Each structure stands twice: as C-alpha cells, then as structure tokens.
Amino acid sequence: MTLPDLAAVGLDYSVAGPVATITLNRPEVRNAQTPAMWLALAEIGRQIPDDVRVVVVTGAGPTFSAGLDRAMLDPSADAAESVIGLLGLPDQAAADRIEEFQRGFTFLRDPRFVSIAAVRGYAVGAGFQLALSCDLRVVADDAQFSMKESALGLVPDLTGTKPLVESVGYARALEICATARMVGAQEAVDIGLVNKVVPVDDLDSEVAALAAALSAPMAGVVTETKTLLQGAADRELDEQRRLEREAQMRRFRSVAAAFAG
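What counts and how
Counting of residues starts from 1 at the beginning of each chain's written sequence and follows it residue by residue. In view of the model being predicted, local features appear only for residues whose pLDDT reaches at least 70, and side-chain atom pairs are presented and counted only at 80 or more, with totals across whole chains, interfaces and linings using the full set of residues. Here the side-chain values reflect all heavy atoms present in the structure, with hydrogen atoms and water set aside. Helix numbers and strand numbers start at the N terminus; a helix is a DSSP run of H or I with at least 4 residues, a strand a run of E with at least 2. Only protein chains enter the accessibility calculation, which uses a 1.4 Å probe; a residue is then buried when its area is under 20% of its type maximum, exposed when over 50%, and partly exposed in between. For the purposes of these results, a polar contact is taken to be a pair of N or O atoms within 3.5 Å, where, inside protein, one atom must be able to donate a hydrogen and its partner to accept one; residues adjacent in sequence count only when each atom of the pair is a side-chain atom. Residue contacts follow a heavy-atom distance rule, with two residues in contact if any of their heavy atoms lie within 4.5 Å. By this definition, two strands are paired if DSSP reports at least two bridges between them. Lines fitted to C-alpha atoms define the axes here, with helix axes fitted over just the stretch in contact, and angles between the N-to-C directions of these axes take values from 0 to 180 degrees. In summary, the pairing rule links any two rings of Phe, Tyr or Trp, Trp by its six-membered ring, whose centres are within 6.5 Å, and it sorts them by plane angle into stacked for under 30 degrees, edge-to-face for over 60 and tilted for everything else. The charge count treats Lys and Arg as positive and Asp and Glu as negative. His and the chain ends do not count. Counted as salt bridges are all cases of a side-chain nitrogen of Lys or Arg within 4 Å of a carboxyl oxygen of Asp or Glu. By the definition adopted for this analysis, an angle is roughly parallel if under 35 degrees, roughly antiparallel if over 145, roughly perpendicular if from 65 to 115, and oblique otherwise. Each residue gets one label: Ala, Val, Leu, Ile, Met, Phe, Trp, Tyr, Cys and Pro are nonpolar, Asp, Glu, Lys and Arg are charged, and the others, such as Gly, are polar.

Draft legend 1. Region of interest: the side chain of Ser 65. Structurally, Ser 65 is set in the loop between strand E3 (54-59) and helix H3 (91-106). Since its relative accessible area comes to 0%, Ser 65 is described here as buried. Among the polar contacts made by the side chain of Ser 65, one reaches the side chain of Gln 33 at a distance of 3.0 Å. A polar contact of 3.2 Å, which involves the side chain of Ser 65, links it to the backbone nitrogen of Gly 67. If near-sequence neighbours (up to four positions away) are discounted, Ser 65 is found in contact with Leu 24, Arg 30, Asn 31, Ala 32, Gln 33, Tyr 122, Ala 123, Val 124 and Gly 127.

Here it is, written out as structure tokens:
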C-alpha cells in the first residue's frame, strides 16, 4: 500500500540511512492532531524499512503537539474525519475505529527499531501519548506535558496509560491523568518520565547523537535487547532467564557468521 498524501494531513517523513524521522508539521495549530494523521502514522509504521534502526518523532516549530485538533470536536465537521463522528456509530464500530487510530501510536514499540520522542514546548493529550509511545524521550528544558483528557470528560485512549504507569508508577500516573496538570521538564526527568533534558537549542544535536549511538552496534543487537526488556517486569525470573539464553545463542551465531564472512 502506498503512503497517503502526508503533507495533506500535516506530516513529514524521511529516511536517512538507519534513521527515520517523522515530523508533525502543522505549526500554525501547534501540531494539533487529527484522526487522518493517526491513520497516516499507522501506515508509515507499516512501511518503515527493515534496515531502519532508529525512528525519531518530533514536531515542527516550538511545540511538539498541543493534542487533538479541537475542530475534530465540531459537530459540523466531516464525520469520517472527526472524533465527534464516533458518536454516530454503534459502540463496537466506534471501538473498532479507535483501535485503528491507536495503531498510529503502537507501531513505535516495534522491536525492529528504537523510537525517540524529541519534545520541545507542549506535549498535551494526544501529544503526550505520542511521546509516551516512544521508547525514549529527550526533551528541551521548555517542555510541558499534560494529559488533558479528563478536562474534557474523557480518558486517555491512544495507548498512553500503560507506558505512563511503567514510567512513573500507578499513584503518580493517576494523579497526572486525573488532575490534567502540567508536568514541566525538570519534574519529568526527576520522576522518570523522560530520559534527558537539554537546552532548547541543543535538542536536535542531542537527539542526533543518541540516534547515532543506537545505530552503532551490530545489526540485531538492539532489537534483541529491546525484545528482552519489553515485558520483562511481567515475567517470572526463570522465563526471563530462558529468553536471555535463547537471545544470546542467536547473537553468538550472528557474531560468528560475521567473523566467518
């Protein structure tokens, strides 16, 4: 399947060697997101080449993403393109549609590559959840996170709840979601929500250096490591030990083949 017209939905996508970059490119509305954008993100995820080892997600301009485009809540908007259009569907059909939207976020957890959210400015609602979908988060010192859904009488439904709990724990995740308050960059690093905070002007170079470091190991190493770590907290030790042994044997064979070649 070919990619949709990405510019029409406010996305840029490029691949340079082992690094793919996805940019939310609607700076005039602070990179507000739409269902069409989520569906396009899912299609990008399906088409990322196998030799890509790092995917960077960022936003054009001074804001990562202000969340859902409020125009999508307008009853007069095209039902196929709006969130409010979900209200006209039977419950199961609406849930199925949300599941399609969620795929625009879940592909970032694919073990084939490491995903990095490069966040400057606001990451609100859907923007926060997009950042949470990435494996790593490097943010500018002006970053502000907020799960605004509760202020609209809604819950986060774009796959952000699980990684939020994994990052900061249940109690803090509940407080952040229920109050819809802002979490600043320094607090975010202090509570384990982000990996690193850097000055705004250094964000791009810091992310580029991290992407280069992640691309440096022999092909397959980071994929095996990410696969081992995903779900490790939910496994029994004996099961995790078995998976480590099996992964290591695959690595031994790969390294031996490389030297033999």
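We are not done yet, so read on.
Draft legend 2. Structural detail: the sheet that holds strand E5 (residues 122-124). Sheet architecture is open: three strands sit in the order E5-E7-E8, paired in mixed fashion. The two strands at the open ends of the sheet, each matched to only one other strand, are E5 and strand E8 (183-184). In this sheet, E8 lies alongside strand E7 (residues 144-146) in antiparallel orientation, the contact comprising two bridges. Of the residues in E8, the one forming a bridge with Gln 144 is Gly 184. Helix H4 (residues 126-133) rests against E5 and E7 of the sheet, and its axis sits at about 95° to E5.

Draft legend 3. How the structure looks around the packing of aromatic side chains. By the definition in use, this model includes three aromatic pairs. Three or more aromatic residues joined by ring pairs make a cluster, and in this case those are Trp 38, Phe 101 and Phe 105.

Draft legend 4. Seen up close, the side chain of Arg 251. Position of Arg 251 among the secondary structure elements: in helix H10 (residues 237-260). For the buried Arg 251, no salt bridge is present, and the opposite-charge side chain at shortest range is Glu 224, 5.4 Å distant. With near-sequence residues (within four places) excluded, Arg 251 lies in contact with Met 218, Ala 219, Gly 220, Val 221 and Glu 224.

Draft legend 5. The arrangement of the packing of helix H9 (residues 221-229) against H10 in detail. Remark: H9 packs on H10, axes separated minimally by 10 Å, with the N-to-C direction vectors making an angle of 170°. When the axes of H9 and H10 are compared, the pair comes out roughly antiparallel. Together, Val 221, Glu 224 and Leu 228 of H9 and Gln 240, Leu 243, Glu 244, Ala 247, Arg 250 and Arg 251 of H10 make up the contact between the two elements. For the contact of H9 with H10, the per-class residue count stands at four nonpolar, one polar and four charged.

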